[in-house]
Amino acid sequence: MALALVGAGALAADSGQEAMPELAGNSITAQSMDPRYEEVRLLFLAQERGMDLYRVGDFEGAHKELEAPAANGLKVAQQIMAFMYMRGEGVQKHPAKGVALLGLAAESGDRSVRRQYRKALGAVPDQYRDLVEQQVRFYIERYGMEAQGITCKRANRPQSHFMAMDCTKEVGDYPDHPWVP
């Protein structure tokens with residue numbers, strides 16, 4: 001059984017700038033009333049609160065809210081954390097760590113996040129590129145889809161021709177790694 005956690009990251013069509021990841025819809029179903037799903041539901045809600053705090057510029061608050069969802073494989077939280085590290089928003093600026101986190105978020109297969117990752121990785125100096133890619137693999141081992149019970153697929157957004165990435169987190173006993181990018 002899975003609880004759907006829906007998120008998407010996109011590039012702004014007109015400006016060519018990064019857009020904030022948006023939740024395509026709230027897919028919390030009746031099964032979320034099952035007590036086994038409470039932990040997953042709370043992760044989803046923490047991700048939403050973190051996104052809201054990020055949007056209003058409370059980066060420290062956003063970081064605190066997004067740590068648990070990111071550590072538990074939620075791709076939107078991981079993508080926002082990547083931006084925070086690349087830009088130094090609420091954390092010490094560390095572009096290489098941000099690019100590696102963006103590689104982790106790109107694991108979902110979301111085309112726009114993958115484009116953002118390829119572009120960011122292309123800006124990494126050659127002598128550091130292998131190190132960044134090695135860090136991506138380390139993050140995927142700890143916080144990746146397989147390690148944290150996440151599955152993602154492309155889905156239509158309601159009343160739109162745009163596609164969103166629809167990710168679910170299975171209820172289960174997954175490794176509990178603290179968020180230490």
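A short tour of the structure in this document, coming up.

Turning our eyes to something else, we now look at the environment of Phe 162. Within the element layout of this structure, Phe 162 appears in the loop between β2 (150-156) and β3 (163-170). Those residues within four positions of Phe 162 in sequence are excluded, and the remaining contacts are Ala 155, Asn 156 and Arg 157.

Using the criterion set out here, one finds six salt bridges in the structure. Where Arg 49 meets Glu 65, a salt bridge forms, and the shortest distance between an N and an O atom there is 3.1 Å. With Arg 49 in helix α1 (residues 38-55) and Glu 65 in helix α2 (residues 59-71), this pair connects stretches of sequence that are 16 residues apart. Taking the relative accessible area as the measure of exposure, Glu 65 reaches 23% and is therefore partly exposed. Arg 87 is paired through a salt bridge with Glu 89; the nearest N and O atoms lie 4.0 Å apart.

So, about the nonpolar core. If you look at the biggest cluster of nonpolar residues, it comprises 40 residues, and the most contacted ones within it are Met 84, Val 99, Leu 101, Leu 102 and Trp 179. When contributions to this core are tallied by element, the ones reaching two or more residues are α1, α2, α3 (75-87), α4 (95-106), α5 (111-122), α6 (126-143), β2 and β3. The dominant element in this core, judged by the number of residues it contributes, is α3, at nine residues. In this structure, Leu 102 is in contact with Gln 79, Ala 82, Phe 83, Met 86, Val 113, Gln 116, Tyr 117 and Ala 120, ignoring residues within four places of it in sequence.

Next up on the list: the packing of aromatic side chains. Counting across every chain of the model gives four aromatic pairs. When the ring of Tyr 143 is compared with that of Trp 179, the centres are 4.7 Å apart and the planes differ by 55 degrees; the resulting orientation is tilted. You can see Tyr 143 sitting in helix α6 and its partner Trp 179 sitting in the segment after β3, a full 36 residues away along the chain. Put simply, the rings of Phe 138, Tyr 139, Tyr 143 and Trp 179 touch in pairs and so form one group of aromatic residues. In this structure, Arg 87 packs its charged tip against the face of Phe 83, placed 4.8 Å from the ring centre.

Take the state of the cysteines next. Here, the word disulfide means a covalent bond between the sulfur atoms of two cysteines. Inspection of the entire model under this criterion finds one disulfide. Disulfide pairing is shown between Cys 152 and Cys 167; the S-S distance is 2.0 Å. Between Cys 152 and Cys 167 the sulfur-sulfur dihedral comes to about 110 degrees; the bridge is accordingly right-handed. You can see Cys 152 sitting in strand β2 and its partner Cys 167 sitting in strand β3, a full 15 residues away along the chain. According to the relative accessible area criterion, Cys 167 is buried, its value standing at 10%.

Where α4 meets α6, the closest approach of the two axes is 8 Å, and the angle between their N-to-C directions is 50 degrees. In terms of their interaxial angle, α4 and α6 are classed as oblique. The crossing of α4 and α6 is right-handed. Between α4 and α6, the residues in contact are Ala 96, Lys 97, Val 99, Ala 100, Leu 101, Gly 103 and Leu 104 and Val 132, Gln 135, Val 136, Tyr 139, Ile 140 and Tyr 143, respectively. Taken together, the residues that form the contact of α4 with α6 break down as 10 nonpolar, two polar and one charged.

The next thing to look at is the packing of α4 against α5. Across the interface, α4 lies against α5 with an axial gap of 9 Å and an inter-helix angle of 155 degrees. The angle between α4 and α5 places the two elements in the roughly antiparallel class. The hand of the α4/α5 crossing is left-handed. Every residue of α5 that contacts α4 at Val 99, Leu 102, Gly 103, Ala 105 and Ala 106 is listed here: Val 113, Arg 114, Gln 116, Tyr 117, Ala 120 and Leu 121.

How each quantity is defined
Residues numbered from 1 in each chain as written. Predicted model: local features only at pLDDT ≥ 70, side-chain atom pairs only at ≥ 80, totals over all residues. Heavy atoms only, no water. Helix = DSSP H or I, 4+ residues; strand = E, 2+ residues; numbered from the N terminus. Contact = heavy atoms within 4.5 Å. Salt bridge = Lys/Arg side-chain N within 4 Å of Asp/Glu carboxyl O. Buried < 20%, exposed > 50% of the residue type's maximum accessible area, 1.4 Å probe, protein only. Core = buried A, V, L, I, M, F, W, Y, C linked by side-chain atoms within 4.5 Å. Phe/Tyr/Trp six-rings, centres within 6.5 Å; stacked < 30°, edge-to-face > 60°. Lys NZ or Arg CZ within 6 Å of the ring centre and 35° of its normal. Disulfide = S-S within 2.5 Å. Axes fitted to C-alpha atoms, helices over the stretch in contact; angles between N-to-C directions. Parallel < 35°, antiparallel > 145°, perpendicular 65-115°, else oblique. Left-handed = near helix turned anticlockwise from the far one by under 90°. Nonpolar A, V, L, I, M, F, W, Y, C, P; charged D, E, K, R; others polar.

Distances and angles like these do not, on their own, reveal function.
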